[in-house]
Amino acid sequence: MVRKARIQDVRPIQQLLGSYARQGKLLARSLSELYVHLRDMFVCMDDQDATLLGCCSLHIVWENLAEIRSVAVSEDHLGQGIGRQLVMAARDEARGLGIARLFVLTYETGFFDHLGFHAVDKNSLPHKIWADCIHCPKFPECDENAMILDLFEPAEHAVDSVPWL
């Protein structure tokens, strides 16, 4: 079951993200950061024993741009559609908020391509998104791929004067 994260989910989320961070696949998140951004998080829980199966975050960057981040699924549950469900929950919330575009920085381009994202040059993204990169051990030699998903047709949602959109 996919739902918004709760306080009791923070430590399991940190453990899951930490396992992928140790592999160099995503950034580790401190407990403090997870508590501060708890309302950004979605989790997928096992219906039988309420264990965390996966997580995903929707981080709003600007009025018309948000980032999908911290997508992680327990290695025992990969390939079961959990990551897709989590990203779709974040996408649906972004649409409901009226956000025009989602982006992701990822190594899993095939997964996000399947969800409708397309590759873009990282340099086309606003400098504001790079604030977390300072904490990355790979900074400044980032090897992640930037991908974008447009949530609305141009006529559906007016995008104002941000030049890189």
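Criteria and cut-off values
Residues numbered from 1 in each chain as written. Predicted model: local features only at pLDDT ≥ 70, side-chain atom pairs only at ≥ 80, totals over all residues. Heavy atoms only, no water. 1 Å grid on protein atoms, 1.4 Å probe; cavity = no way out; pocket = protein on both sides within 12 Å on 5 of 7 lines; lining within 4 Å. Points joined across faces, edges and corners; volume = space filled by probe spheres on them. Helix = DSSP H or I, 4+ residues; strand = E, 2+ residues; numbered from the N terminus. Expected span 1.5 Å × (residues − 1). Buried < 20%, exposed > 50% of the residue type's maximum accessible area, 1.4 Å probe, protein only. Pairing = 2+ DSSP bridges. Axes fitted to C-alpha atoms, helices over the stretch in contact; angles between N-to-C directions. Contact = heavy atoms within 4.5 Å.

### Some remarks on empty space enclosed by the protein
Within the structure shown, the criterion is met by one cavity of 30 Å³ or more. In this structure, the largest cavity spans a volume of roughly 70 Å³. Lining the largest cavity are Arg29, Glu33, Leu34, His37, Asp40, Met41, Ser57, His59, Arg69 and Ser70. Elements with a minimum of two residues in the lining of the largest cavity: helix H2 (31–36), strand E3 (52–62) and strand E4 (65–73).

### Focus on helix H3 (residues 82–97)
Here H3 spans 23 Å end to end across 16 residues, near enough to the 22 Å set by a 1.5 Å rise per residue. Turning to H3, its buried residues are Ile82, Gly83, Leu86, Val87, Met88, Ala89, Ala90, Arg91 and Ala94. Trailing H3 by a residue or two, glycine 98 shows a phi angle of about 85°, which is positive.

### Structural notes on the sheet that holds E3
Pairing within the open sheet is mixed, and its seven strands lie in the order E1-E2-E3-E4-E5-E7-E6. Every interior strand has two partners, whereas the edge strands, strand E1 (2–4) and strand E6 (118–120), have only one. On average, each strand axis in the sheet is inclined to that of its neighbour by 30°, with strand direction left out of account. Direction of pairing for E3 relative to E4: antiparallel, over a ladder of seven bridges. Among the inter-strand pairings, tryptophan 62 is bridged to a residue of E4, identified as leucine 65. Strands in contact with H3 are E1, strand E2 (41–45), E3, E4, strand E5 (101–106) and strand E7 (145–150); relative to E3, the strand with the most contacts, it is inclined by about 30°.

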